[in-house]
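Listed here are the chains, written in short residue letters.
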Amino acid sequence: MTKHCHHPWPYVFATVLFLFVAQETLAEVTTAGLAKFNGYRAFRHLEKQCSFGPRIAGTEGHQLAAAYIRDELRSLNIPVIVQPFERHVALLDDTRKFQNIIGTLWPDKKRKVMLSAHWDTRSVADRDPDSALRSQPIVGANDGASGVAVLLELARVLRQERLDAGIIFVFFDAEDLGSASRLEEYCLGSRFLATHLPESLQFEWGINIDMVGDADLLFQKEGYSYRMARSLVDEFWQIGSECYPSHFSDSILSPILDDHYPFLERGYQYINIIDFSYPYWHTHQDTSDKCSPESLEVIGNTVLKFIRFKL
Ligand SMILES: [Zn+2]
């Protein structure tokens, strides 16, 4: 595989100094001219979502965040559709209206790939050390906002280039409303899309990102992805561990029920990129100060390089 991590200046000097430049080096110089993923821009999307408070169906924070995601996509001239669904959720003890938000870059391309993250947040802090606070909703800086932040910044960068495929950006609602006794109530948005996938959104392969903002970032290979879409995982890791060896480990995580799973179940190649070693998971400490622009840039750049390599 060619080098994916570009360090533009040495290559520019090489071009000046040597008449016979290896093809790979030229490719790197070209890559250096492409738009860059900006971790600080992504981080502002993360902070903005946190400023809305918890993003649970039926709350103001949910409405504000949905409008923010839709407006950001539309400001990039990316057409947006909303996929509404309504259902009863035991954790909320209520029937609520949910929405998947879907923006497609170059919808006319026959070939498409899907990038996804969940935009909702958990309605309880069931792992909080303070048991008195466990019934309160979390702000979800990493678990919720980080994936959305990276997708929105990726949309800005990718719309400036011409790739040989359409990119479907999916923001899933209701990922995080399940419980140990009701696993079937996790990933409601992705289950709904997987079973109601319009012809126009058929895709070749997908990447889900979740909890990608931890300032102490370490990705391990998620178990379902590794078992059911191994070649995609290995390709992704080849790029990630070449560029960011300290953030990509070759160890295998236990399978995690997440928004990729409903698609894996239906035979799609769909991988989940998640840093599950986050001590603030499902606690009130999952706030933006535990996340960093650098981490968002690590995952953003890796997804970007992967897409440029594949398409
Ligand atoms: Zn969660």
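Residues numbered from 1 in each chain as written. Predicted model: local features only at pLDDT ≥ 70, side-chain atom pairs only at ≥ 80, totals over all residues.

## Focus on the pairing of strand β3 (residues 112-118)
Here is step 1 of the chain: Taken across its seven residues, β3 has seven buried, putting it largely inside the fold.
Here is step 2 of the chain: Here β3 shows two buried faces, one formed by Lys-112, Met-114, Ser-116 and His-118 and the other by Val-113, Leu-115 and Ala-117.
Here is step 3 of the chain: Where β3 and strand β4 (residues 166-172) come together, seven bridges link them in parallel fashion. Directly across from Ser-116, in β4, lies its bridge partner Val-170.
Here is step 4 of the chain: With helix α5 (residues 141-158) bridging β3 and its parallel neighbour β4, the resulting β-α-β unit is right-handed.
Here is step 5 of the chain: Bridge analysis of β3 against strand β5 (residues 205-210) gives three bridges, and the strand direction is parallel. Among the inter-strand pairings, Met-114 is bridged to a residue of β5, identified as Gly-206. (Buried ≥ 20, exposed ≤ 12 C-beta atoms within 10 Å, placed from the backbone. Helix = DSSP H or I, 4+ residues; strand = E, 2+ residues; numbered from the N terminus. Pairing = 2+ DSSP bridges. Right-handed = clockwise from strand over helix to strand, strands pointing away.)

## Focus: the nonpolar core
Here is step 1 of the chain: Counting residues in each nonpolar core, the largest one holds 79 residues, and the members touching the most others are Val-148, Ala-149 and Val-150.
Here is step 2 of the chain: Tallying contributions element by element places α5 first for this core, with nine residues.
Here is step 3 of the chain: In this structure Ala-149 touches Ala-42, Phe-43, His-45, Leu-46 and Leu-296, once residues within four positions along its chain are discounted. (Core = buried A, V, L, I, M, F, W, Y, C linked by C-beta atoms within 7 Å. Contact = placed C-beta atoms within 7 Å.)

## Quick look at helix α10 (residues 293-310)
Here is step 1 of the chain: Given a rise of 1.5 Å per residue, 18 residues ought to cover 26 Å, and the 25 Å separating the end C-alpha atoms of α10 matches this to within 8%.
Here is step 2 of the chain: Every buried residue of α10 is accounted for by Ser-295, Leu-296, Glu-297, Val-298, Ile-299, Gly-300, Asn-301, Thr-302, Val-303, Leu-304, Lys-305 and Phe-306.
Here is step 3 of the chain: Along its buried surface, α10 packs onto α3 (39-51), β3, α5, β5, α8 (230-243) and β8 (269-274). (Expected span 1.5 Å × (residues − 1).)

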